[in-house]
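Single-letter residue listing:
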Amino acid sequence: MHPTLLERLQQQRGYRLTAQRRVVAQVLEGENLHLTADEVLSQAEAMLPEISRATVYSTLQQFVDMGQLLELSLDGRSRRYDPNIDPPHHHLICTECDGVFDVAHNVAAPDAGDGLEIESAQIIYRGRCTDCA
Ligand SMILES: [Zn+2]
Ligand SMILES: [Zn+2]
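Residue numbers run consecutively from 1 along every chain, following the written order of its sequence. Working convention: letters from A go to chains and numbers from 1 go to ligands, in the order in which they are written. Only residues with pLDDT of at least 70 get local features here, since the model is predicted, and only at 80 or more are side-chain atom pairs given and counted; chain-wide, interface and lining totals rely on the full set of residues.

Digging into the nonpolar core
Generally speaking, nonpolar side chains in soluble globular proteins are found buried as a group.
Then comes step 1: Throughout this description, the term nonpolar core refers to a group of buried Ala, Val, Leu, Ile, Met, Phe, Trp, Tyr and Cys residues whose C-beta atoms join them within 7 Å. Residues with at least 20 neighbouring C-beta atoms inside 10 Å of their own are called buried, those with 12 or fewer are called exposed, and the rest are partly exposed, where every C-beta is derived from the backbone. Counting residues in hydrophobic clusters, the biggest one holds 16 residues, and the most contacted among them are Val24, Leu28, Val40, Ala44 and Leu60.
Then comes step 2: Helix numbering and strand numbering both begin at the N terminus, where a helix is a DSSP run of H or I of at least 4 residues and a strand a DSSP run of E of at least 2. Ranked by residues supplied to this core, first place goes to helix 2 (residues 19-27) with four residues.
Then comes step 3: A pair of residues counts as a contact when their C-beta atoms, built from backbone coordinates, are within 7 Å of each other. Not counting residues up to four positions away in its chain, the partners in contact with Val40 are Val24, Val27, Leu28, Leu35, Val56, Leu60 and Tyr81.

What follows is the structure, encoded as structure tokens:
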């Protein structure tokens, strides 16, 4: 098992895991999670009613900046947050239910040539999930 977001944050030296940051990380525990900021907010509020929208949003941004959380912009939809940074994976959007699913498919980056340097890629597959197939 790869360490979860919460475990990675706990291992981060010098990072103060406040109650609010912890709640945001706890909402993002699990497999195949691709929550929007509003979904994270409503689940965080259920655990810690006094948490504010601004705190949830800035905490998400902070985790992204730390490289601990992936921010996905799939297909011009609202951004989703994915805590599973390792191993790298791609995504399938189900054309029936609109769900977002992880696709474990390691595609080697092409040789970009001309001194271009590829740092990351995001492949979006379209198809049907197990429930809809
Ligand atoms: Zn589906
Ligand atoms: Zn994912």
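Resuming the write-up.
Observations regarding the packing of helix 3 (residues 37-47) against helix 4 (residues 53-65)
Then comes step 1: Inter-axis angles, ranging from 0 to 180 degrees, are taken between N-to-C directions of lines fitted to C-alpha atoms, where helices are fitted over the stretch in contact. Interhelical geometry of helix 3 versus helix 4 gives an angle of 125° and a closest axis separation of 10 Å. Taken as axis vectors, helix 3 and helix 4 run oblique relative to one another. Crossing of helix 3 over helix 4 shows right-handed handedness. Each of Ala37, Val40, Leu41 and Ala44 in helix 3 lies in contact with helix 4, whose residues at this interface are Arg53, Val56, Tyr57 and Leu60.
Then comes step 2: Considered class by class, the residues forming the contact of helix 3 with helix 4 number seven nonpolar, no polar and one charged. For classification, angles of less than 35 degrees are called roughly parallel, those exceeding 145 degrees roughly antiparallel, those between 65 and 115 degrees roughly perpendicular, and all remaining angles oblique. For a crossing to be left-handed, the near helix must be turned anticlockwise from the far one by less than a right angle; the clockwise case is right-handed. Lys, Arg, Asp and Glu make up the charged group, whereas Ala, Val, Leu, Ile, Met, Phe, Trp, Tyr, Cys and Pro make up the nonpolar group; the residues left over, Gly among them, are polar.

Considering the environment of Asp86
Then comes step 1: Assignment of secondary structure puts Asp86 in the loop between strand 3 (80-82) and strand 4 (90-94).
Then comes step 2: Classification of Asp86 as exposed rests on a count of 8 C-beta atoms within 10 Å.
Then comes step 3: Expressed as a C-alpha distance, the spacing of Asp86 and Asn32, which sit 54 residues apart in the sequence, is 12 Å.

A look at the sheet that holds strand 5 (residues 100-103)
Then comes step 1: Spatial ordering of the open sheet is given by 5-4-6, a layout of three strands whose pairing is mixed. Strand pairing shows two members of the sheet lacking a second neighbour, strand 5 and strand 6 (124-127), which therefore form its edges. With direction set aside, neighbouring strand axes in the sheet form an average angle of 35°.
Then comes step 2: The pairing criterion for strands is at least two bridges between them, as found by DSSP. The pairing of strand 4 with strand 6 spans four bridges and is classified as parallel. In the sheet register, His91 faces strand 6, and the bridge partner there is Ile124.

Considering the domain arrangement of the protein
By a widely used convention, the size of an interface equals the accessible area lost when the partners come together.
Then comes step 1: Marked domain ranges trace back to an automatic or database domain assignment. Split by domain assignment, the protein resolves into domain 1 (5-82) and domain 2 (87-133).
Then comes step 2: Taking only C-alpha atoms, the centre of domain 1 and the centre of domain 2 are 22 Å apart.
Then comes step 3: Listed as interface residues are six residues of domain 1 and, on the opposing side, seven residues of domain 2.
Then comes step 4: Across the side of domain 1 that touches domain 2, the residue classes break down as two nonpolar, two polar and two charged.

Focus on the packing of helix 2 against helix 4
Then comes step 1: Their axes nearest at 10 Å, the elements helix 2 and helix 4 cross at an angle of 70°. In terms of axis orientation, helix 2 runs roughly perpendicular to helix 4. Across from Gln20, Arg21 and Val24 in helix 2, the residues of helix 4 making contact are Thr55, Val56, Thr59 and Leu60.
Then comes step 2: Split into classes, the residues belonging to the contact of helix 2 with helix 4 amount to three nonpolar, three polar and one charged.

Digging into the pairing of strand 5
Then comes step 1: Relative to strand 5, strand 4 runs antiparallel, the two being bridged by four bridges. Across the sheet, His90 pairs through a bridge with Val103, a residue of strand 5.
Then comes step 2: Counting the residues between successive antiparallel strands, the hairpin from strand 4 to strand 5 contains five residues, one of them, Asp98, with a positive phi of roughly 70°.

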